[in-house]
Amino acid sequence: MFTGTVRTQIDQIWNAFWSGGVSNPLSVIEQLTFLLFIKRLDDLHTVEERKSEDLGIPMQRNIFPEGADDKGEAYDNLRWSRFKNFEAREMMRIVDEHVFPFLRQMGEEGSSYGTHMKDARLGFSNPNLLAKVVQMLDDIPMEDRDTKGDVFEYMLGKIASAGQNGQFRTPRHIINLMVNLMAPTPQDTICDPAVGTCGFLVAAGEYLRDNHPKMLRDKEQRKHFHNDMFHGFDFDSTMLRIGAMNMTLHGVDNPDVAYRDSLAEEHGADEGRYSLILANPPFAGSLDYDTTSKDLLKIVKTKKTELLFMALFLRLMRTGGRAAVVVPDGVLFGSSKAHKDIRKMLVEDHKLDAIIKMPSGVFRPYAGVSCAIVVFTKTGVGGTEDVWFYDMEADGQSLDDKRTPLLDADKLGPTPAVALSEDEHAKNNLPDILTRWQALEAEADRPRTAQSFMVPASEIIATGSWDLSLNRYKEIEHEEVEHATPSEIIADLRALEAEITEGLDRLEGMLE
């Protein structure tokens, strides 16, 4: 169970790294990922040992072989449960000179996670820091899957700085909203082509566990869940390692988390493979035509990364596949031919379902850019009838750099533990978005002055630019205000002037 005590323990680990000279949050989380992986290897080996002893059979998976490594160090000493009891300098020698080379060499055959450990390096040389962090990690109770996942998510929340190339961590309540809108099923094959820390994939997995608990008791569905359901790509090796660990600690054994520059590589093998796309890709400006995937340029001729990602989503989705993706506002109303071509495709060639406009502070402190969630279905033959627009004004947190929660924890997110009052809705629109999405037929009668409303596809097409900005269709209701007539205002000014003159006269009399 993830308690306040566990939070304090993690905060202390973080502080230990900072005071030990490791201050870059990404470096801290990477080193913690390595150490948690080393600890997990020992846990897996221990489980195999117990199974072997209980059943009286040979070990099926011998992670730490018998004997010694090339440098003569006993493999047994490389186990977490063994070296954690060593003196600090001896622990540093074992971990730096033997455990990390062991990680790099073993490759963890059959697991995509082991692949990301090939270039693992211990990023500090302070024996006391290593001993302190190993002891602190060992003290955190992480026996069950929920706690392991929560601990790592809490650590990821401490990545305070934006990454390179426009990367930033998507707020978890926005991810949960998008996952709940899409409602993944046990048959889905889910992809995030800009996967980062695997936030969308982890949330989709948790949704399935909560809403389809029988899934993991079915042999075929369990196999699909652990091996074929989740696919994530990124070109940042550090993020891939962190993302793979995030999936592992959330109980997905063998996700397909792999290195891939999604906009530069051809996608022939993956074309039409996925039934659900969940993504918040980086908006890093422009690419050169020479470095951009040719199969994406066939869909839309552009250098803009946000438009290329939209083309990528359409290419990766199978017919009937669904998507909920975050795009910058410019995608909705940009005037270039490429902008119009993408919007025309969504409206006329496929089925555009919803545009959810988000307030501009949602991604602070990383970025202040205005964004929207676009929900669509790939059909190839059109099908857009009415598009649902929602003007999200609040997400439960302040929209400044501090992002302070505006409500108690049980009233935050898209599925709060208790129903919200009208005043609380004004601070957190996410539950209302989900409720209205699940009963869209009732939205047809909502006026254009409401927070959400429907717009017929014919009206969007008639704009000639397939404009999808909410403000184009929202009607502003102006209240009638009665002002005083000019003669009344002049009379009021004369009365004020007389009052001032009278006051000055009295003041002057007091001075004589």
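Here, every reference points to the structure presented above.
Residues numbered from 1 in each chain as written. Predicted model: local features only at pLDDT ≥ 70, side-chain atom pairs only at ≥ 80, totals over all residues. Heavy atoms only, no water.

Trainee: I'd love a proper account of the nonpolar core, names of residues and values included.
Mentor: Judged by nonpolar contacts, the single largest core of 50 residues is most densely connected at Phe17, Leu32, Phe83, Val133, Leu137, Phe152 and Met155. Examining the composition of this core, we find that nine residues originate from one element, helix H2 (residues 25-55), more than from any other. Those residues in contact with Phe152 that sit more than four places away from it in its chain are Ile29, Thr33, Leu36, Ile242, Met245, Asn246 and Leu249. Among the nonpolar cores identified, the runner-up in size contains 46 residues, and Met178, Leu276, Phe283 and Met454 belong to it. (Core = buried A, V, L, I, M, F, W, Y, C linked by side-chain atoms within 4.5 Å. Buried < 20%, exposed > 50% of the residue type's maximum accessible area, 1.4 Å probe, protein only. Helix = DSSP H or I, 4+ residues; strand = E, 2+ residues; numbered from the N terminus. Contact = heavy atoms within 4.5 Å.)

Trainee: Tell me what's going on with the pairing of strand S4 (residues 274-279), and back it up with residues and numbers.
Mentor: Most of S4 sits inside the fold, with six of its six residues counted as buried. Here two bridges tie strand S1 (residues 190-192) to S4, and the two strands are oriented parallel to one another. Within S4, the residue paired with Cys191 across the bridge is Ile277. (Pairing = 2+ DSSP bridges.)

Trainee: Run through helix H9 (residues 199-211), naming residues and quoting values.
Mentor: Over its 13 residues, H9 extends 18 Å from the first C-alpha to the last, a length consistent with the 18 Å expected when each residue adds 1.5 Å. Counting buried positions along H9 gives ten out of 13 residues, so the element sits mostly inside the fold. Residues of H9 that are buried: Gly199, Phe200, Leu201, Val202, Ala203, Ala204, Gly205, Tyr207, Leu208 and Arg209. (Expected span 1.5 Å × (residues − 1).)

Trainee: So, the environment of Arg121: which residues are in play, and what are the values?
Mentor: Checked against the element boundaries, Arg121 lands in the loop between helix H5 (112-115) and helix H6 (127-139). The sequence separation of Arg121 and Glu30 amounts to 91 residues, and the corresponding C-alpha distance is 9.7 Å. With sequence-adjacent residues up to four places away left out, Arg121 is seen in contact with Gln31, Phe34, Phe100 and Arg104.

Trainee: Tell me about the side chain of Asp432, and please be specific about residues and values.
Mentor: Mapped onto the elements of the fold, Asp432 is located in helix H17 (residues 430-437). For Asp432, the side chain forms a polar contact with the side chain of Tyr390, separated by 2.6 Å. Here Asp432 is in contact with Tyr390, His425 and Gln451, once residues within four sequence places are set aside. (Polar contact = N/O pair within 3.5 Å; in protein donor to acceptor, adjacent residues only side chain to side chain.)

Trainee: Tell me about the pattern of salt bridges, and name the residues and values.
Mentor: On inspection of all chains with the given rule, the structure shows 27 salt bridges. The residue Lys337 makes a salt bridge to Asp341 at a minimum N-O spacing of 2.9 Å. Of the two residues, Lys337 and Asp341 both sit in helix H15 (residues 337-349), four residues apart, roughly one turn of that helix. Taking relative accessible area as the criterion, Lys337 reaches 61% and is therefore assigned exposed. Linked by salt bridges that have partners in common, Asp432, Arg436, Glu443 and Arg446 make up one network. (Salt bridge = Lys/Arg side-chain N within 4 Å of Asp/Glu carboxyl O.)

Trainee: Tell me about the environment of Thr377, and please be specific about residues and values.
Mentor: Within the secondary structure layout, Thr377 lies in strand S7 (residues 371-377). A relative accessible area of 16% means that Thr377 is categorised as buried. Placed 31 residues apart in sequence, Thr377 and Leu346 show a C-alpha to C-alpha distance of 8.5 Å. Not counting residues within four places of it along the chain, the set of residues in contact with Thr377 comprises Gly320, Gly321, Arg322, His350, Lys351 and Asp353.

Trainee: Could you give an account of unusual backbone geometry, naming the residues involved and the relevant values?
Mentor: One non-glycine residue, Ala183, lies in the positive phi region at around 45 degrees. Note that Ala183 resides in the loop between helix H8 (172-182) and S1. Among the residues examined, Ala183 registers a relative accessible area of 28% and is labelled partly exposed. The phi torsion at Cys198 lies on the positive side, around 70 degrees, for a residue other than glycine. By the element assignment, Cys198 lies in the loop between S1 and H9.

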